[in-house]
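Descriptive structure summary
Letter by letter, the chains look like this.
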Amino acid sequence: MRDLNHRTVTLPALLLVFLMAAFGCENSGRQSQSAPLKLKVAVYPTTYTRLIAIADAKGYFKECGLDIELRKSPSGTSALDAVCRGEVQLGTVVDYAFAWRMLNDTSIRVVASTGEVFESRIIARKDRGIRQPSDLKGRRIGFVPNTISEYSLHCFLLENNISPSEINAEPIPIPRQADAVVEGEVDAVSAFATYSFDAVERLGENCVAWDGQNHVAYNALLAVKEDMKPSSETLTRFLRALVMAEEFQLSHEDEAKSIVMREWGFSREVIRQFWDRTRVRVSLNQPIITCLQIYSKWHMRRSGKIGDPPNVLSFIDTGPLDRIDPARVTIFR
């Protein structure tokens, strides 16, 4: 009698499990057969955007049901500009440049960070009599306005007790960060990422260089525009592909480096110098909020704007990353 009762309870349960499994497989089949979701992305090719290169090369975007169009930009600021003009749906940008845009466009949003970066340097010419930071006084120093190039120069001068009035700061276009100092248009330059590497390589023995970030990391962000934002499902799939790339890099670092060299066109020496200066992880953490608050206040003070700084939390969209892994979102909210 006990065996019969056991069977009468077990058989319906087994039937239910079977039906649920069959239904799940059917739904999975439908999703895999559906057309991939399209997404246009503006990306600045550098070490802090390497997860995008890896995800694309390894087919993770396609595996997650996405049809990705990558457009390379000369900087994160340019990538964010493309987002704001509606040319792409998502762009890569560092927190400093995003904070500047926050003051003028309340529709932009951060959906995730892909890591932290230490890439900015001050590059100077020895033949202009520059050997130490104090020698920069009275010199022409190039910088790119409203980018980390400008803020790095500000912090470097502050740390070395040099007043901004003691130098001749000269705005330069993003693509000319290396050319301006190599060709002698300026005596020094505040340059970021591969532009600083290019300047050092071309100047050779005539170069002196210092860390321009004073041990402060910049957050590498993924930005969208609210009124042209991709669907939450599209963004979730994109971030899931980046998480897959993050996990791949942890166990296949040499192959990951080869992919980035090939996809972004970097030399082995660029990878050697900058790979470990970037910590990659898909996340949204409290330091991002703090940095955006600091940078937005600095931008307001520099430009003479009055009033309260923007509410940074209103510029953060945690939804897509929450759907993947809430543990990756550690913002106080």
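See the structure shown above.
The present account deals with the structure reproduced in this document.

Let's shift gears to the overall build of the chain. Across its full length, the chain holds 13 helices and 12 strands. By the burial criterion, 52% of the 333 residues in the chain qualify as buried. Within the chain, counting contacts between residues at least 6 apart in sequence, those at least 24 apart form 80% of the total. Of the roughly 15600 Å² that the chain leaves accessible, carbon and sulfur atoms contribute 53%.

Our focus in this paragraph is the pairing of strand β11 (residues 278-285). The element β11 is extensively covered by neighbouring structure, given that six of its eight residues are classed as buried. Where strand β4 (residues 108-117) lies against β11, four bridges are found, and the strand directions are antiparallel. The partner of Glu 116 across the bridge, within β11, is Arg 279. Relative to strand β12 (residues 329-330), β11 runs parallel, the two sharing two bridges.

Overall, the coordinates contain 12 aromatic pairs when judged by the stated rule. Plain terms: the ring middles of Tyr 151 and Tyr 295 are 4.9 Å apart, the flat faces sit at 75° to each other, and that makes the pair edge-to-face. Linking Tyr 151 in helix α6 (residues 148-159) with Tyr 295 in helix α12 (residues 286-303), this pair joins segments that are 144 residues apart in sequence. Owing to a relative accessible area of 12%, Tyr 151 belongs among the buried residues under this scheme. Arranged with centres 5.7 Å apart and planes meeting at 35°, the rings of Phe 156 and Trp 210 form a pair that is tilted. Pair noted here: Phe 156 is in helix α6 and Trp 210 is in strand β9 (residues 207-211), with a separation of 54 residues, a long-range link.

Read across the open sheet, the five strands follow the order β7-β6-β8-β5-β9; overall the sheet is mixed. Two strands close off the open sheet at either side, each with one partner strand: β7 (168-171) and β9. Adjacent strand axes in the sheet meet at a mean angle of 25° when their direction is disregarded. As judged from the four bridges shared by strand β5 (residues 121-125) and strand β8 (residues 188-191), these two strands associate in the antiparallel manner. Within the sheet, the bridge partner assigned to Ala 124 lies in β8 and is Ala 188. On the sheet, α6 packs against β5, β6 (140-143), β8 and β9 and is oriented at approximately 140° with respect to β6.

With respect to the helices and strands, Asn 219 occurs in strand β10 (residues 218-225). You can call Asn 219 buried: its relative accessible area is 2%. Apart from the residues lying within four places of it in its own chain, the contact partners of Asn 219 are Val 93, Val 94, Asp 95, Ser 113, Gly 115, Glu 116, Asn 285, Pro 287, Ile 288 and Cys 291.

This brings us to helix α8 (residues 193-203). Looking at α8, one finds that the buried residues are Ala 193, Tyr 195, Ser 196, Phe 197, Ala 199 and Leu 203. The inward-facing, buried residues of α8 abut β5, α7 (177-182), β8, β9 and α11 (268-274). Within two residues after α8, Gly 204 carries a phi angle of roughly 60°, on the positive side.

So, about helix α10 (residues 253-264). With 12 residues, α10 ought to run about 16 Å at 1.5 Å a step, and its terminal C-alpha atoms sit 16 Å apart, in line with that. Restricting attention to buried positions, one finds in α10 the residues Ala 256, Ile 259, Val 260, Met 261 and Trp 264. Summarising the contacts, the buried residues of α10 are in contact with β1 (37-43), α2 (50-57), β2 (66-72), α9 (232-251) and α11. Gly 265, located one to two residues past α10, shows a positive phi value of around 75°.

This part covers unusual backbone geometry. Phi at Asn 146 takes a positive value of approximately 60°, unusual for a residue other than glycine. With respect to the helices, strands and loops of the structure, Asn 146 is situated in the loop between β6 and α6. Positive phi, close to 50°, is recorded for Ala 193, a residue that is not glycine. In this fold, Ala 193 is placed in helix α8. According to the relative accessible area criterion, Ala 193 is buried, its value standing at 1%.

About the criteria used
- Residues numbered from 1 in each chain as written.
- Predicted model: local features only at pLDDT ≥ 70, side-chain atom pairs only at ≥ 80, totals over all residues.
- Heavy atoms only, no water.
- Helix = DSSP H or I, 4+ residues; strand = E, 2+ residues; numbered from the N terminus.
- Buried < 20%, exposed > 50% of the residue type's maximum accessible area, 1.4 Å probe, protein only.
- Contact = heavy atoms within 4.5 Å.
- Areas by Shrake-Rupley, 256 points an atom, 1.4 Å probe, with all protein chains shown as cover.
- Pairing = 2+ DSSP bridges.
- Phe/Tyr/Trp six-rings, centres within 6.5 Å; stacked < 30°, edge-to-face > 60°.
- Axes fitted to C-alpha atoms, helices over the stretch in contact; angles between N-to-C directions.
- Expected span 1.5 Å × (residues − 1).

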